[in-house]
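# Chains, contacts and geometry: an overview
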Amino acid sequence: MTWAHIENVESLATSLRSAASSDFGIFLLLCFAAALGLAAVIIGAILGIAIPGARRVAARTDPARQAVAKAPPTDRPLLILYASETGNSRELAVAAGAAAQRLGLKVRVADMAAITVKEAAKTLDLMVIASTWGEGEPPPRAVDFYRSLMASDAPRFDGVRYAVLALGDRAYANFENFCRLGRTIDIRLAELGGTRMAERSECDADYESQAGEWIGAQLTRLGSSETPVLVDMGTEPASAGRTHPFDAVVAEKSNLNGAGSTTSTYHLSLSPSDFDVPYEPGDSIGLFPENDSGLIAEILSVAGLSSNVALRDSMRTHYDITSLTLSQIKAYAAFTSDPAIAKIAASEALAAEYLEGGRQLIDLMAAAPVRLSAEQLTSLFRRLQPRLYSIASSRKATPGQIDLLVAAIAYDAFGRL
Ligand SMILES: Cc1cc2nc3c(=O)[nH]c(=O)nc-3n(C[C@H](O)[C@H](O)[C@H](O)COP(=O)(O)O)c2cc1C
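Starting afresh in each chain, residues are numbered from 1 along the sequence in its written order. In keeping with the predicted nature of the model, local features appear solely for residues at pLDDT of at least 70, side-chain atom pairs appear and are counted solely at 80 or more, and the whole-chain, interface and lining totals rest on all residues. Side-chain metrics in this entry use all non-hydrogen atoms of the structure; hydrogen atoms and water are not considered.

Our focus in this paragraph is the site of the ligand. In these notes, residues near a molecule or strand are those with any non-hydrogen atom within 4 Å of it. Ser-84, Glu-85, Thr-86, Asn-88 and Thr-132 are the nearest of the 20 residues found near the ligand. We define a polar contact as two N or O atoms separated by no more than 3.5 Å, with the added condition that, inside protein, one atom must be a possible hydrogen donor and the other a possible acceptor, whereas residues neighbouring each other in sequence contribute only through side-chain atom pairs. The backbone of Asn-88 places a nitrogen or oxygen atom 2.7 Å from an oxygen atom of the ligand. In this structure, Ser-89 approaches the ligand through a main-chain N or O atom, which is 2.8 Å from an oxygen atom. Computed with the Shrake-Rupley method and a 1.4 Å probe, the accessible areas treat only the protein chains shown as cover for residues. Starting from 640 Å² of accessible surface for the ligand in isolation, the protein chains cover 88%.

What follows is the structure in structure tokens.
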């Protein structure tokens, strides 16, 4: 690792921050999916954390392992292991690693893509931070590790104390698949002899504060800290992308399908303002979309809030106003006295049936309209999440430009397009 790498990362973070203050209409977030491993190594070097490749844990014999096991808490090796595709779990792991290091713990942060299960089983304390992808699957980078962990010849985790933080998103998953990777790993580590030191925490899209509190609680215990450990979320260099999106204009939009085609595939050409986005082949980009003004007006009307201009503006860019999950059904049931909604909210099976086929929040609200305060209405929304697209261009061929191929999918769900 050279200082040149570190300077690059710092200037990248600065560029992202300054670019975030310009005025164009579409918000973009670059996700360095393909470069995660490299980024983890660079960030590890900045924070002084041991990362695979940067430092290896020395092999131990059993007597040595026993000696370490009896050592004071700060001498027990702590492995923070993450499974991530777009960086959320990685950012949490890096922040947890930095906090653990400040406590004086002997910590190593590792990507599941860069460590073997055998190596992981050598630690004494283990914190797993795992995101679920696909339909209840591991992120592609973590598949090999996951398969080895689930295999019949997986190494034992006897004597390893562990805890699992699971990241997921109810808008992407049914009940069974929500946070499934974290849940499966938690169960598997116990089967392999590990000792669960804390209950698993399952986080939805707005994960930061729940995850931060959980990590803080684990580190407080592991470091025998007299004061609760606070974890700095979003202040590490790794957070520059997601928490500091930059702006761009849509320079070109054309439908590549012929006039007679029943489908639409768009070529979108984006121009980030004054900023050469340093993407690599295979990277994804996250777009924060703007909500439909017709849908915003309909929701405000049902809630009796049509005259609230500030709320209408914030609904355009801040909130996910379409998704519907069981927790939102429960929250709405508390606002209305409708018995049918109360019944659905009380049963996971009925809720799964109700959500089948793509019902949205407005469908629920329109079924049992009730006047709400602005605070009550916004409490029903989830934070707007970026949508990820693979980049279809090369910086060498078209510098200063990002091209995407986007297939438009349109279908009717309960009378709405
Ligand atoms: C295409 C896609 C599929 C997903 N599938 C699931 C899923 O099956 N279960 C779940 O709980 N979350 C699912 N998620 C949500 C992610 O787990 C969540 O966004 C997480 O914060 C991503 O973390 P990462 O940045 O560390 O990869 C999915 C997200 C996307 C974009």
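The next thing to look at is the side chain of Arg-188. Per the convention used, a helix needs a DSSP run of H or I reaching at least four residues, while a strand needs a run of E reaching at least two, with both numbered from the N terminus. In this structure, Arg-188 sits in helix 7 (residues 180–191). Residue burial is assigned from relative accessible area. The probe radius is 1.4 Å, only protein chains are included, and a residue is buried under 20% of its type maximum, exposed over 50%, and partly exposed in between. A relative accessible area of 12% means that Arg-188 is categorised as buried. Throughout, a residue-residue contact means that at least one pair of heavy atoms, one from each residue, lies within 4.5 Å. In this structure, Arg-188 is in contact with Leu-149, Met-150, Ala-151 and Ala-154, ignoring residues within four places of it in sequence.

The next subject is the packing of helix 6 (residues 143–150) against helix 7. A fitted line through C-alpha atoms represents every axis, and for helices the fit uses only the stretch in contact; the resulting angles, taken between N-to-C directions, go from 0 to 180 degrees. The geometry of helix 6 relative to helix 7 is characterised by a closest axis approach of 10 Å and an angle of 35° between their N-to-C directions. In this structure, helix 6 crosses over helix 7, and the sense of that crossing is left-handed. Contacts between helix 6 and helix 7 involve Tyr-146, Leu-149 and Met-150 from the former and Leu-181, Thr-184, Ile-185, Arg-188 and Leu-189 from the latter. Residue classes in the contact of helix 6 with helix 7 are distributed as six nonpolar, one polar and one charged. Should the near helix be turned counterclockwise from the far one by less than a right angle, the crossing is left-handed, whereas a clockwise turn marks it as right-handed. Here the term charged refers only to Asp, Glu, Lys and Arg, the term nonpolar to Ala, Val, Leu, Ile, Met, Phe, Trp, Tyr, Cys and Pro, and the term polar to all other amino acids, Gly among them.

Another aspect to go through is empty space enclosed by the protein. Of the grid points, spaced at 1 Å and generated over the protein atoms alone, those admitting a 1.4 Å probe that cannot get out make up cavities, while open sets with protein on both sides within 12 Å along at least five of seven lines make up pockets; any residue with an atom within 4 Å of a point is treated as lining. Grid points are joined across faces, edges and corners, and a volume is the space filled by probe spheres set on the points. Enumeration over the complete set of coordinates arrives at one cavity of 30 Å³ or more. In this structure, the largest cavity encloses a volume near 40 Å³. Lining the largest cavity are Leu-81, Met-112, Ala-120, Leu-126, Val-128, Phe-145, Leu-149, Phe-157, Ile-185 and Leu-189. For the lining of the largest cavity, a count of residues per class yields 10 nonpolar, no polar and no charged.

The next thing to look at is the confidence of the model for the protein. Per-residue confidence from the predictor is reported as pLDDT, a score between 0 and 100. Put simply, the protein has an average pLDDT of 81, and 79% of its residues get 70 or more. Across residues 1–65 the pLDDT falls below 50, and counting only partners more than four positions away or on other chains, this stretch makes 135 contacts in the model. Every residue in residues 235–240 scores below 50 in pLDDT, and together they form 13 contacts with partners more than four places removed in sequence or on other chains.

Salt bridges are identified by distance alone: a Lys or Arg side-chain nitrogen within 4 Å of an Asp or Glu carboxyl oxygen. Under the definition given, this model contains 20 salt bridges. Close ionic contact of Glu-208 with Arg-383 constitutes a salt bridge, the shortest N to O distance being 3.3 Å. Here Glu-208 is found in helix 8 (residues 208–222), whereas its partner Arg-383 is found in strand 12 (residues 382–383), with 175 residues between them in sequence. Classification of Glu-208 by relative accessible area gives partly exposed; the value is 24%. Across the salt bridge formed by Arg-316 and Glu-290, the nearest N and O atoms sit 3.2 Å from each other.

This part takes up unusual backbone geometry. In this model, Cys-179 sits at a positive phi of 55°, which is unusual for a non-glycine residue. For Cys-179, the position within the fold is in the loop between strand 5 (161–167) and helix 7. Residue Cys-179 is classed as buried on the basis of its relative accessible area of 1%. Backbone geometry at Phe-414 places phi at a positive 55°, although glycine is not the residue there. Since its relative accessible area comes to 41%, Phe-414 is described here as partly exposed.

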